Amino acid sequence: MKGNTEITFREELLYNKEKNNLISQLGNVDNPLILHFFAANYNWNRGFDVPKALIENEYCDLGTGLLIFHYADGFRMLENPEEVSDSALEEWKDFLLNVYNKLINMNFKTKDISFEPELTKIQIYRIRKSNPNIPDLLISKSPGELVDIPNI
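Residues numbered from 1 in each chain as written. Predicted model: local features only at pLDDT ≥ 70, side-chain atom pairs only at ≥ 80, totals over all residues. Heavy atoms only, no water.

**What to know about the overall build of the chain**
As a reminder of what qualifies: What counts as a helix is a DSSP run of H or I of at least four residues, what counts as a strand is a run of E of at least two, and both are numbered from the N terminus. Classification of residues uses two cut-offs on accessible area relative to the type maximum, computed with a 1.4 Å probe and protein chains only: under 20% is buried, over 50% is exposed, and between them is partly exposed. In this analysis, two residues are considered to be in contact whenever any of their non-hydrogen atoms come within 4.5 Å of each other.
Within the chain one finds nine helices and two strands. Ordering the α and β elements of the chain from the N terminus gives α-α-α-α-α-α-α-α-β-α-β. Counting across all 152 residues of the chain, residues that qualify as buried make up 42%. Put simply, of all contacts in the chain between residues at least 6 apart along the chain, 73% involve residues at least 24 apart.

**Topic: the pattern of salt bridges**
What counts, and what does not: Just to be clear on terms, a salt bridge is a Lys or Arg side-chain nitrogen sitting within 4 Å of an Asp or Glu carboxyl oxygen.
Per the stated rule, a full pass over the model turns up five salt bridges. As a salt-bridge pair, Lys-52 and Glu-91 come within 3.9 Å of each other at their nearest N and O atoms. Taken together, the residues span a long stretch of sequence, with Lys-52 in helix H4 (residues 49-56) and Glu-91 in helix H8 (residues 90-104) at a distance of 39 residues. The partly exposed category is assigned to Lys-52, whose relative accessible area is 28%.

**Some points on the layout of surface pockets**
Leftover empty space is mapped by rolling, across the atoms, a probe with the size of a water molecule. What counts is decided by this rule: Think of a 1 Å grid over the protein atoms and nothing else: a 1.4 Å probe that fits but is trapped marks a cavity, an open set flanked by protein within 12 Å on at least five of seven lines marks a pocket, and residues with an atom within 4 Å of a point count as lining. Grid points are joined across faces, edges and corners, and a volume is the space filled by probe spheres set on the points. Classes in brief: Ala, Val, Leu, Ile, Met, Phe, Trp, Tyr, Cys and Pro nonpolar; Asp, Glu, Lys and Arg charged; the others, Gly included, polar.
The space that makes up the largest pocket amounts to roughly 230 Å³. Considering the residues around the largest pocket, the lining is formed by His-36, His-70, Tyr-71, Ser-114, Phe-115, Glu-116, Pro-117, Glu-118, Leu-119, Leu-146, Val-147 and Ile-149. Grouping the amino acids of the lining of the largest pocket by side-chain chemistry returns seven nonpolar, three polar and two charged.

**What to know about the nonpolar core**
How we decide: For the purposes of this section, nonpolar cores are sets of buried Ala, Val, Leu, Ile, Met, Phe, Trp, Tyr and Cys residues that join through side-chain atoms within 4.5 Å.
Leu-26, Ile-68, Phe-69, Leu-78 and Leu-103 are the most contacted members of the largest nonpolar core, which totals 38 residues. Contributing elements (two or more residues each) for this core: helix H2 (19-27), helix H3 (32-41), H4, helix H5 (62-71), helix H6 (74-79) and H8. It is H8 that contributes the most residues to this core, six residues altogether. In contact with Phe-69, not counting residues within four places along its chain, are Gly-74, Met-77, Leu-78, Leu-96, Val-99, Tyr-100, Leu-103 and Leu-138.

**A word on the packing of aromatic side chains**
Short version of the rule: Note on ring pairs: Phe, Tyr and Trp rings are taken, using the six-membered ring of Trp, and paired if centres are within 6.5 Å. Classes follow the plane angle, with under 30 degrees stacked, over 60 edge-to-face and the rest tilted. Charge over a ring is defined by NZ of Lys or CZ of Arg lying within 6 Å of the ring centre and within 35 degrees of the ring normal.
Scanning all chains against the criterion turns up seven aromatic pairs. Each residue in the set Phe-38, Tyr-42, Trp-44, Phe-48 and Phe-95 is aromatic and connected to the rest through ring pairs, giving one cluster. Over the ring of Tyr-59 we find Lys-109; its NZ or CZ atom is 5.4 Å from the centre of that ring.

**Focus: unusual backbone geometry**
In this model, Asp-73 sits at a positive phi of 70°, which is unusual for a non-glycine residue. Here Asp-73 lies in the loop between H5 and H6. One non-glycine residue, Met-106, lies in the positive phi region at around 55°. Tracing the sequence through the fold places Met-106 in the loop between H8 and strand S1 (113-114).

**A closer look at the packing of H3 against H5**
Condition: Here the axes come from fitting lines to C-alpha atoms, over the contacting stretch only for helices, and the angles between their N-to-C directions go from 0 to 180 degrees. Angles are sorted into four bins: roughly parallel if under 35 degrees, roughly antiparallel if over 145, roughly perpendicular if 65 to 115, and oblique for all others.
Packing of H3 against H5 brings their axes to within 9 Å, and their N-to-C directions diverge by 10°. Here H3 is positioned roughly parallel relative to H5, judged by the angle of their axes. Counting all contacts with H3, which are made through Pro-32, Leu-35, His-36, Ala-39 and Ala-40, the residues of H5 involved are Gly-63, Thr-64, Leu-67, Ile-68 and Tyr-71. Tallied by class, residues from the contact of H3 with H5 come to seven nonpolar, three polar and no charged.

**Examining the confidence of the model for the chain**
We apply this condition: The predictor rates its confidence in each residue with pLDDT, a number between 0 and 100.
With 88% of its residues at a pLDDT of 70 or more, the chain has an overall mean of 87. Contacts for the low-pLDDT stretch residues 1-5, under 50 throughout, to residues beyond four places or in other chains number three contacts.

Set out below in structure tokens:
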């Protein structure tokens, strides 16, 4: 898939109103870049079912997993784990924990797409101070190549 066909496919995925159909289509995507672009443009007001499908896709790259973790407000988990574990938002809490575990256990086939969390030096300092054993992977640029994320 190249050029306009690929962009049209991404747009169709992104604006697909039928969630079950979208999840099914995402399960068939074998291009890590499409998964990454989709995750970067996902409307989080639509819930966690679609990001779960992205994370569970065998072609999901480590950089995409890190992007999803941070876009799902993983920073709060890093800064104050108790706030997340005490949260009444069960679906969010379970999702973050799942992505966190996949990341620290390196449960991704590829590490070709880089993602750099937009954390300030002060935020990183606070995280390290409250949790000195935090894996660098969660707060640093992931391995791979940085890609320009198109707005879809």
